[in-house]
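Observations on the three-dimensional arrangement
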Amino acid sequence: MENLKLIALDDEDLAIFSAHLQDAVVKTVDMGFLPRLQRFAMVLNRFDWDQQVCANETVRRRTGLHFERVRDVKCRNMEEARRTGVLNLLAVTFIPGETPSGFVLLTFSGGAEVRLEVECIEAGMRDLGPAWGCTHAPKHPVPEEVTQSKGTAA
């Protein structure tokens, strides 16, 4: 697969970002808010869900992510991240405010969150280089009600 280069201008675009960034790993030192530029940026190692090298090896890619028109940044439940220096991104979502403003919520494992107050959604995501193999793919537990509903006919 070729390197991704995407922009987001609405919540549907952010949902696409979220799908590509699920299980991305980011070091806290690779995240930053530049208030004078109204920009929040980070560099992550994203799991490439669309590519598999072979049966036992999956792929990660170094990816840049930035948000423009950011008024403020708030962090919550970052104790684990301060201890380990690493966060695992689970989702990128948008909470609407007075149109077109709102909040972009970056949700990480362990309950950590980064909330960006934005004038509007304006973001970019780009792979920064070649992929590399990794032997462990992220796995998420499937809720019991999902596994039970698959066994029943609708």
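Residues numbered from 1 in each chain as written. Predicted model: local features only at pLDDT ≥ 70, side-chain atom pairs only at ≥ 80, totals over all residues. Heavy atoms only, no water.

Looking at an unreviewed UniProt entry, one finds the chain named DUF2948 family protein, with Xanthobacter oligotrophicus as its source organism.

Remarks on helix α1 (residues 11-21)
Inclusion rule: For every residue, the accessible area (1.4 Å probe, protein chains only) is compared with the maximum for its type, and the residue is labelled buried under 20%, exposed over 50%, or partly exposed between those bounds. Starting at the N terminus, helices and strands are each numbered in turn, a helix being any DSSP run of H or I of at least four residues and a strand any DSSP run of E of at least two. Relevant arc is that of directions from the helix axis to the C-beta atoms, nothing else.
For α1, the full list of buried residues reads Leu-14, Phe-17, Ser-18, His-20 and Leu-21. One side of α1 carries all its buried residues, which in axial view fall inside an arc of 165°. Phi turns positive one or two residues past the end of α1, at Asp-23, with a value near 75°.

Overview of the pattern of salt bridges
Here is the rule: Should a side-chain nitrogen of Lys or Arg be within 4 Å of a carboxyl oxygen of Asp or Glu, the pair is scored as a salt bridge.
One pass over the structure, following the stated rule, counts 11 salt bridges. Between Glu-80 and Arg-83 there is a salt bridge, with its nearest N and O atoms 2.6 Å apart. Residue Glu-80 and its partner Arg-83 are both found in helix α2 (residues 79-84); the two are separated by three residues, about one turn of the helix. For Glu-80, a relative accessible area of 45% gives the class partly exposed. What emerges from the salt-bridge pattern is a single network uniting Arg-46, Asp-48, Arg-61 and Asp-127.

Here's the deal with the pairing of strand β9 (residues 113-118)
Stated precisely, the cut-off is as follows: Strands qualify as paired when DSSP identifies two bridges or more between them.
Looking at chain direction, strand β6 (residues 70-76) and β9 are connected through six bridges and run antiparallel. By the bridge assignment, Val-70 is partnered in β9 with Val-118. Pairing of strand β8 (residues 102-108) with β9 involves six bridges; the strand directions are antiparallel. Pairing of Leu-106 across the sheet is with Val-114, part of β9. Two successive antiparallel strands, β8 and β9, enclose a turn made up of four residues, where Gly-110 displays a positive phi of approximately 80°.

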